[in-house]
Each structure stands twice: as C-alpha cells, then as structure tokens.
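Tertiary structure, described
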Amino acid sequence: MSITDNIQKIKKETDQLQVQLIAISKTKPLEDIKEAYDAGQRAFGENQVQELVEKHEALPKDIEWHMVGHLQTNKVKYIASFITLIHSVDSLKLLKEINKQALKNNRIIDCLLQIHIADEETKFGLDYDEVIELLRSDELADLQNVRVIGLMGIATNTDREKVIREEFYELKTLFNGIKDSFFRKEDSFREVSMGMSSDYKIAIEQGSTMIRLGSTIFGSR
Ligand SMILES: *Cc1c(COP(=O)(O)O)cnc(C)c1O
C-alpha cells in the first residue's frame, strides 16, 4: 500500500467521526510528506525542533505543523512564528516561554497539556495533581498569547488492550472534569489528542479528537 492508499483508508475509517488525523512524519523524507500532501493531508506532526523547522521551510506554506515531542524551553523561539499546535506542554515554565515567543510574533499559540497516563516512568507529561496546580495558578491567567485547547496523552506501549482502554478512558474523564472546572465557557477547549498507530481505534472509541499516526501512513521507521 502506498502513502496515498494509507491516508485514504484512514480517511474512510474516520469519515463520520469528529476526529482529526495528524500525520506524524518524523524521520521521513520530504518526498513522503509531499505524497501525503498531494493526497490531501494538511496536518503534519514532528517531534524534533530542527527537523520541524527544516521541513516547514522546504514544504508548502499551507501545511499545519504540530509539535508532538518533548519541547525544550530554549527551542520554542525557532517554531513560534509558524507552529499550529504544541501537543506536548508539560510545565508552566514552558507555557510562559511559549507565551513570550508568541507575543514577539504577534500571535496566539494553541497548546495541549500533555498528561502522563502511561504505566511507564520514561514518558513525559504532567501528573493529575500537577495539571490541576498549573491550571489553578494565577500566572496562567496572565498568559494572553497562549491558548490551552485540550489535553494529550500517550498510552502504555503494550498488547493489553484493557490497559490502553483504561488509560484513554481516564484521560477523557480528566478532560471532562477540567472542562467543567476551568473552561466551561470556552468552546475552544475541546481537543483530546490520543491514539497512535497501534492504538488509535481504541482511542477513537474512547473519544479522541486527534489521532497522531506515523507508521500506519508512512511505514515503519
Ligand atoms: C512518533 C509519535 C507518534 C506516531 O507513532 P506511530 O506509532 O508511528 O503512529 C505519535 N505521537 C507521538 C508523540 C510520537 O512521538
């Protein structure tokens, strides 16, 4: 199956659903992204700032770029002028830096708070108590150039569907709770970015609004 075939297949699967496909193109060459682009795909995600910047420069300007990997504070400045959505915000410090760079570029940058849902030490993200503390902080209210539009999570890398299902269920439940407590009047707070190639069907079943697919589209890395 070609990249075009893969995209069309996923589009068909998600046709009637309110879920956006983010094509994760990390490590893949420009030609592969171009093929996906020609198949109609516009939202692409990367996990390294340098690669993101290079691809943004080389490819059509109507591509929406998403940052899905761990973002260091000192690198925000390189992507602030063009990034569509940062999925991986995991501290107030990072949010403040995004705000500062967004202000310099005279724009508002949309962000998701990455929640640590996996049963693994190595994955980045905020714990439940940390996200609540961040949302309650007075400093957050002062950040006029960032907009928190939802949550993101990465499930445990396991074959046990029940474990994955529970983690996605918990993320969606947390989203609903945060929505009610902090964003009730903000329609923009509505995204739950969850689901990768191995688990996106479970994620959709649990209420994902954005699936991040790499190998399902581009083949293995
Ligand atoms: C690489 C990556 C993906 C896509 O992974 P696949 O298993 O290839 O679909 C999704 N989300 C994040 C954060 C990633 O780093």
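Structural notes, computed from the coordinates. In this text, all values refer to a predicted model and were calculated from it rather than measured experimentally.

You can see histidine 56 is positioned in helix 3 (residues 49-58). Those residues in contact with histidine 56 that sit more than four places away from it in its chain are Lys61, Trp65 and Phe82.

We now examine the pairing of strand 1 (residues 20-24). Regular strands have side chains that alternate between both faces of the sheet. With four of five residues buried, strand 1 is to be regarded as a mostly interior element. Two elements, strand 1 and strand 8 (residues 210-213), share four bridges in a ladder whose sense is parallel. Within strand 8, the residue paired with alanine 23 across the bridge is leucine 213. Here two bridges tie strand 1 to strand 2 (residues 43-46), and the two strands are oriented parallel to one another. When the sheet's bridge partners are listed, isoleucine 24 is paired in strand 2 with glycine 45. For the handedness criterion, the β-α-β arrangement of strand 1, helix 2 (residues 30-38) and strand 2 is classed as right-handed.

Turning our attention to unusual backbone geometry. With glycine set apart, most residues show a phi of negative sign, and most peptide bonds adopt trans. We note that threonine 27 has phi near 70°; this positive angle belongs to a residue other than glycine. Along the chain, threonine 27 falls in the loop between strand 1 and helix 2. Phi is positive for asparagine 106, close to 55°, though the residue is something other than glycine. Looking at the secondary structure, you find asparagine 106 in the loop between helix 5 (92-104) and strand 5 (109-115).

Here we come to the environment of tyrosine 78. By the element assignment, tyrosine 78 lies in helix 4 (residues 76-79). For the pair tyrosine 78 and glutamine 101, spaced 23 residues apart in the sequence, the C-alpha separation amounts to 9.1 Å. Apart from the residues within four sequence positions on either side, tyrosine 78 is in contact with Val49 and Val53.

Tallied over the entire structure, the rule returns 12 salt bridges. In this structure, lysine 34 and aspartate 38 form a salt bridge, with 3.9 Å as the shortest nitrogen-oxygen distance. You can see lysine 34 and its partner aspartate 38 sitting in helix 2, four residues apart, about one turn around the helix. Between lysine 162 and glutamate 166 there is a salt bridge, with the nearest N and O atoms lying 3.2 Å from each other.

The rules we used
Residues numbered from 1 in each chain as written. Predicted model: local features only at pLDDT ≥ 70, side-chain atom pairs only at ≥ 80, totals over all residues. Heavy atoms only, no water. Helix = DSSP H or I, 4+ residues; strand = E, 2+ residues; numbered from the N terminus. Contact = heavy atoms within 4.5 Å. Buried < 20%, exposed > 50% of the residue type's maximum accessible area, 1.4 Å probe, protein only. Pairing = 2+ DSSP bridges. Right-handed = clockwise from strand over helix to strand, strands pointing away. Salt bridge = Lys/Arg side-chain N within 4 Å of Asp/Glu carboxyl O.

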